[in-house]
Amino acid sequence: MVPSGALAQKQEALEPGPDAERKPWRCLVFYLCFYGFMAQLRPGESFITPYLLGPDKNFTLEQVTNEITPVLSYCYLLVLVPVFLLTDYLRYKPVLVLQGLSYVAVWLLLLLGTSVRHMQAMELFYSVTMAARIAYSSYVFSLVHPARYQRMAGYSRAAVLLGVFTSSVLGQLLVTLGRVSFSTLNYISLGLLIFSLVLALFLKRPRRSLFFNRGAPGRSGASPSELDRMNPDAPQGAALLGAWWDWTLVRMLRELGHSLRQPQLRLWSLWWVFNSAAYYLIVYYAHILWNVVHTATVYNGAADAASTLLGAITSFSAGFVKIRWALWAKLVIASVTAVQAGLVFLMYSTNSIWLCYVAFVLFRGAYQFLVPIATFQIASSLSKELCALVFGVNTFLATVLKTIITLIVSDKRGLGLPVHSQFLIYFGYFLVLFVIYLLGAMLVIVQHVQEARRAPPEPGSPAEKAMPMLSTHSSGLSNLQPTAPPQTSPEQHPQPEAKA
């Protein structure tokens, strides 16, 4: 039997102090950010469309527009929910490795594939990489203390944006100045992706996750989660998973139903669904449009780099916007949607590749401006678990809508429209959204003005101070005889107190 004093000394020796904890945390942050940066280095990604349409692959414009690209939306819808659940159940790292393997498969099919079926399989693996992106953003929060969440979010997002920007600039420099062929550029991308896959193999696997592997409340300094508060008698860990599914998830869905009664949560969730669906369709097909407008000199990498930089700037600046969102949110959304509609129409109507590039950059910047605002408005009224569920549902509904539009507009089994006609459809889509948001904003403003008129004046307001004067003047009209001015008492005009 160990004496209590010796046991206390043993525990103190095992528990790391602040100085001992700081060094491993810094190493972990550096490795995570380095991995996030390297995983984005795909310099050939901006030039996939001209590569497919060029002499290397020699696919037709109709095949790329109506047979290959639509598969991405269908496959993403199929893999989104399974990957989302596997990400939490497998505790992130296996899904990050799966993402790395899928990226390698994408570029192997790009380089070695020769048929439309091969390129459709490439889109399948690319949809897996898109669905697995949530693994990185969730993984970084599972390894650090909640007090470091905000700093970790800033570091990881900066690493990803820097990686995307560097990848686009590197690809453009290699193509424009280095005269590197698209095929060689894809071989370079493949080598970088294999290196990022090796980095993923050495990532630390966390012991807990948000839903399936929560662990005991209060462990590692974490506070009890919303799941524990809603179902305190539920077994911990992976035991009796069926009971968790039958009770906790049902209670979360009920809580989500009550939360959707909040007007701001409902508004920004609807914006997320409808705007994100069209936004990603524009991003998917913009590269095809550029190839139609101009095929001689390709500056796709520069456009992607500029849009990434502008998106980072607008996302950062959105944090400094301080207005009454309950009153002006719909008007702000309507204004941004109107700008997006105008930019999509410009991309549809112009024959200048430079105007196309500028419109695309501004379009992405406008969307990225509202994303952090929507994120804050949704997350501010929800717990961590419910917030993750809301974002998951919003993303799934946006994917469903995007798939329906793709099937009707782009797929050869639907209308099979050329890319220019598709952008005209997207312009009409944003125009309808603008009208709906504008009418909603006008209704909110009118209701606010009517409520302000009916509301009694606040104590001490100028309107209330004027009411006694108006009543005095009204009573004086009934008696036109002159009266002596009232005597002023010292109590009516107290002298200001002397300063000490």
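Thresholds, definitions, all that
Residues numbered from 1 in each chain as written. Predicted model: local features only at pLDDT ≥ 70, side-chain atom pairs only at ≥ 80, totals over all residues. Heavy atoms only, no water. Helix = DSSP H or I, 4+ residues; strand = E, 2+ residues; numbered from the N terminus. Buried < 20%, exposed > 50% of the residue type's maximum accessible area, 1.4 Å probe, protein only. Areas by Shrake-Rupley, 256 points an atom, 1.4 Å probe, with all protein chains shown as cover. Polar contact = N/O pair within 3.5 Å; in protein donor to acceptor, adjacent residues only side chain to side chain. Contact = heavy atoms within 4.5 Å. Core = buried A, V, L, I, M, F, W, Y, C linked by side-chain atoms within 4.5 Å. pLDDT = per-residue confidence, 0-100. Salt bridge = Lys/Arg side-chain N within 4 Å of Asp/Glu carboxyl O. Expected span 1.5 Å × (residues − 1). Phe/Tyr/Trp six-rings, centres within 6.5 Å; stacked < 30°, edge-to-face > 60°. Patch = residues over 30% accessible without salt bridge, like charges linked within 9 Å, V, L, I, M, F, W, Y side chains within 5 Å. Axes fitted to C-alpha atoms, helices over the stretch in contact; angles between N-to-C directions. Parallel < 35°, antiparallel > 145°, perpendicular 65-115°, else oblique. Left-handed = near helix turned anticlockwise from the far one by under 90°.

**Side note on the overall build of the chain**
Move 1: If you tally the helices and strands in the chain, you get 19 helices and 0 strands.
Move 2: Burial statistics for the chain: of 500 residues in total, 45% are counted as buried.
Move 3: When the accessible surface of the chain is totalled, it reaches about 26,900 Å², and 66% of it is carbon and sulfur.

**What about the side chain of S276?**
Move 1: Inspection of the secondary structure assignment puts S276 in helix α13 (residues 263–293).
Move 2: Here Y367 takes part through its side chain, which lies 2.8 Å from a polar atom of the side chain of S276.
Move 3: Those residues in contact with S276 that lie beyond four places of it in its chain are W271, Y367 and A398.

**Things to note about the environment of L370**
Move 1: As for its position among the elements, L370 is in helix α16 (residues 353–379).
Move 2: Under the relative-accessibility criterion, L370 is labelled buried at 1%.
Move 3: With 55 residues separating them in the primary sequence, L370 and S315 have C-alpha atoms 7.5 Å apart.
Move 4: L370 has contacts with W268, W271, V332, I333 and V336, leaving out every residue within four places of it along the chain.

**Remarks on the nonpolar core**
Move 1: L110, W268, W271, F423 and Y426 are the most contacted members of the largest nonpolar core, which has 117 residues in total.
Move 2: If one sorts the elements of this core by residue count, α13 sits on top with 18 residues.

**Regarding the confidence of the model for the chain**
Move 1: Of the residues in the chain, 73% reach a pLDDT of 70 or more, and the chain-wide mean stands at 79.
Move 2: Of the regions scoring below 50 in pLDDT, residues 1–21 engages in 2 contacts with residues more than four places distant in sequence or in other chains.
Move 3: The low-confidence segment residues 216–241, where pLDDT is below 50, has 36 contacts with residues more than four positions distant or belonging to other chains.

**Notes on the pattern of salt bridges**
Move 1: Under the defined criterion, the tally for this structure stands at 3 salt bridges.
Move 2: Here R413 ties to D411 by a salt bridge, and the two come within 3.0 Å at their closest N and O atoms.
Move 3: Take R413: its relative accessible area is 63%, and that puts it in the exposed class.

**Observations regarding helix α7 (residues 116–131)**
Move 1: An ideal rise of 1.5 Å per residue puts 22 Å on 16 residues; α7 measures up with 23 Å between its terminal C-alpha atoms.
Move 2: All of the buried residues in α7 are V116, M119, Q120, M122, E123, Y126, S127, V128, T129, M130 and A131.
Move 3: Buried-residue contacts for α7 involve α3 (48–53), α4 (61–68), α5 (70–89), α6 (93–112), α8 (133–142) and α13.

**Description of the packing of aromatic side chains**
Move 1: Using the criterion set out here, one finds 24 aromatic pairs in the structure.
Move 2: With 6.1 Å between their ring centres and 50 degrees between their planes, Y35 and Y136 make a pair best called tilted. Of the two residues, Y35 is situated in helix α2 (residues 18–38) and Y136 in helix α8; the sequence distance between them amounts to 101 residues.
Move 3: The exposure class assigned to Y136 is buried, which follows from its relative accessible area of 10%.
Move 4: Taken together, a centroid distance of 5.9 Å and an interplanar angle of 75 degrees make the contact between W354 and Y357 edge-to-face. Within this pair, W354 and its partner Y357 are both found in helix α16, separated by 3 residues, close to a single helical turn.
Move 5: Among the aromatic residues, those joined into a ring-pair cluster are W268, W271, W272, Y279, Y280, Y284, W325, F363, Y367, F391, Y429 and F430.

**Some points on unusual backbone geometry**
Move 1: Even without a glycine there, the phi angle at R91 is positive, about 65 degrees.
Move 2: The phi torsion at Y92 lies on the positive side, around 70 degrees, for a residue other than glycine.
Move 3: Its location among the elements puts Y92 in the loop between α5 and α6.
Move 4: When its relative accessible area of 4% is taken as the criterion, Y92 is described as buried.

**A closer look at a nonpolar patch on the surface**
Move 1: Among the surface-exposed residues, V81, L85, V393, F396 and L397 lie close enough to one another that they form a single nonpolar patch of about 340 Å² accessible area.
Move 2: Of all the secondary-structure elements, those providing two or more residues to the nonpolar patch are α5 and α17 (384–410).
Move 3: Here the nonpolar patch takes 3 residues from α17, the largest share from any one element.
Move 4: Inspection of the secondary structure puts V81 in helix α5.

**Quick look at the environment of L199**
Move 1: With respect to the helices, strands and loops of the structure, L199 is situated in helix α10 (residues 182–201).
Move 2: Looking at L199, the relative accessible area reads 9%, which means it is buried.
Move 3: With 102 residues separating them in the primary sequence, L199 and V97 have C-alpha atoms 9.1 Å apart.
Move 4: Excluding anything up to four places from it in sequence, L199 contacts Y31, F34, Y35 and M38.

**Considerations on the environment of F430**
Move 1: Relative to the helices and strands, F430 is located in helix α18 (residues 419–454).
Move 2: Take F430: its relative accessible area is 0%, and that puts it in the buried class.
Move 3: Separated by 96 residues in the primary sequence, F430 and A334 have C-alpha atoms spaced 9.8 Å apart.

**Focus on the packing of α13 against helix α15 (residues 325–349)**
Move 1: Interhelical geometry of α13 versus α15 gives an angle of 15 degrees and a closest axis separation of 12 Å. Between α13 and α15, the angle falls in the class roughly parallel. Handedness of the α13/α15 crossing: left-handed. Residue-level inspection shows Q264, L267, W268, W271, N275, I282 and L289 of α13 in contact with α15, the latter providing W325, A326, A329, K330, I333, T337, Q340, V344 and M347.

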